[in-house]
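Observations on the model geometry
These are the residues of each chain, in order.
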Amino acid sequence: MSHPPQGPVDAPFVIDLDDDVAPNPVDAVVFDLGNVLIRWDPAPAIAAEVGPERAAAFLADPAFDFAAWNHTQDAGRPWEDAERLAVQEHPHLEQEILAYRTHFSKALLGPVEDTVAVLRDLHAQDVPLVALTNWSEELFPQALERFDFLDLFEDIIVSGEEGLAKPDAEIFEVLADRIRHLGGLDDCIFVDDSEANVQAAVAAGLDGILFTDTGHLREDLIVRGLPLQPQR
């Protein structure tokens, strides 16, 4: 699981609200998982082996670039190959490098409860739900075993299984093919916490929502005509 370098996202559309406009059906709502529905932080996994100070230094080390390294596994590189090459190039970081996969369960801090509540409410209203996640094929089964709300998705597209990771435009072609029975990308809403991923989704034709915290998502979806009740 990883996030690519971020960039600004221009507003992709203007919503013209009218009091007498009925709720608008959508073909699907497409959710990212990491830090949208599942809290993820690599630091505890690495700290389990080397302690918090060394873990923090490792994650901040520009000579290694953990985010870029991890993103390559999300795009399909096997972990064994990734670790072997990284240890060859950075032998002094061997413990840190191997710790992340070994203790990966500690990187999954738990559900983002407010977003899970939105997901359950949408499911109860028969809104089609799809997940599109940057996640290693080898590590994703841990999420499936732990988080039962993942069963609410009609389909989960895992980048590591496809050999492509967001924001690569080709992964949205995979999404288009997988949801063809539901409709097209131009009638889907996409929720992600990465600006680069949202920008790529908008370029592919989706209505993108940049997830910044749990407070705005429900209202953002209501504004778009989804059958949700406002937060009380």
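Cut-off values and rules
Residues numbered from 1 in each chain as written. Predicted model: local features only at pLDDT ≥ 70, side-chain atom pairs only at ≥ 80, totals over all residues. Heavy atoms only, no water. Salt bridge = Lys/Arg side-chain N within 4 Å of Asp/Glu carboxyl O. Helix = DSSP H or I, 4+ residues; strand = E, 2+ residues; numbered from the N terminus. Buried < 20%, exposed > 50% of the residue type's maximum accessible area, 1.4 Å probe, protein only. pLDDT = per-residue confidence, 0-100. Contact = heavy atoms within 4.5 Å. Pairing = 2+ DSSP bridges. Axes fitted to C-alpha atoms, helices over the stretch in contact; angles between N-to-C directions. Polar contact = N/O pair within 3.5 Å; in protein donor to acceptor, adjacent residues only side chain to side chain. Phe/Tyr/Trp six-rings, centres within 6.5 Å; stacked < 30°, edge-to-face > 60°. Arc of directions from axis to C-beta.

With respect to the pattern of salt bridges
- Counted by the stated rule, this structure contains 12 salt bridges.
- Put simply, Asp155 and Arg178 hold a salt bridge, and the shortest N to O gap is 2.7 Å. With a gap of 23 residues between them, Asp155 in strand S5 (residues 155-158) and Arg178 in helix H9 (residues 169-178) connect regions that are remote in the sequence.
- Overall, Asp155 belongs to the buried group, its relative accessible area being 19%.
- Residue classification places Arg178 among the partly exposed positions, given a relative accessible area of 26%.
- Two residues, Arg178 and Glu162, come together in a salt bridge whose shortest N-O distance is 2.9 Å.

With respect to the confidence of the model for the protein
- On average, residues of the protein score 92 in pLDDT, and 89% of them reach the 70 mark or higher.
- Counting interchain partners and residues more than four positions distant, the pLDDT-below-50 stretch residues 4-22 has 24 contacts.

Considering the sheet that holds strand S6 (residues 188-192)
- The five strands lie next to each other as S5-S4-S1-S6-S7, forming an open sheet whose pairing is parallel. Where the open sheet ends on each side, the last strands, each with one partner, are S5 and strand S7 (207-210). Strand-to-strand twist across the sheet, computed as the mean angle between neighbouring axes with direction ignored, equals 20°.
- Note: strand S4 (residues 129-133) against S5, four bridges, orientation parallel.

What to know about the environment of Gly160
- Secondary-structure assignment places Gly160 in helix H8 (residues 159-162).
- Measuring from C-alpha to C-alpha, the distance between Gly160 and Asn134 comes to 7.1 Å, with 26 residues separating the pair along the chain.
- Discounting chain neighbours no more than four positions away, the residues touching Gly160 are Gln73, Asp74, Gly76, Trp135 and Glu137.

Thoughts on the side chain of Asn134
- Tracing the sequence through the fold places Asn134 in the loop between S4 and helix H7 (140-146).
- Within the local environment of Asn134, its side chain forms a polar contact with the backbone nitrogen of Lys166, the two atoms lying 2.9 Å apart.

Considerations on the packing of aromatic side chains
- A complete count under the given rule lists 13 aromatic pairs for this structure.
- Taking the centre distance of 5.7 Å and the plane angle of 75° together, the rings of Phe172 and Phe190 count as edge-to-face. Residue Phe172 is found in helix H9, and its partner Phe190 is found in strand S6; the two are separated by 18 residues along the sequence.
- With relative accessibility at 0%, the residue Phe190 sits in the buried group.
- By the ring-pair criterion, three or more aromatic residues cluster together here, those being Phe58, Phe64, Phe66, Trp69, Trp79, Tyr100, Phe104, Trp135 and Phe140.

A word on helix H1 (residues 42-50)
- For H1, every residue scored as buried is listed here: Pro42, Ala45, Ile46 and Val50. Taken down its axis, H1 places every buried residue within 115° of arc, on the same side.
- Contacts from the buried residues of H1 go to strand S2 (38-40), helix H2 (52-59), helix H3 (66-74) and helix H5 (94-102).
- Its side-chain oxygen 3.0 Å from the backbone nitrogen of Ala43, Asp41 forms the N-cap of H1.
- After H1 finishes, the residue Gly51 shows a positive phi value of roughly 90°.

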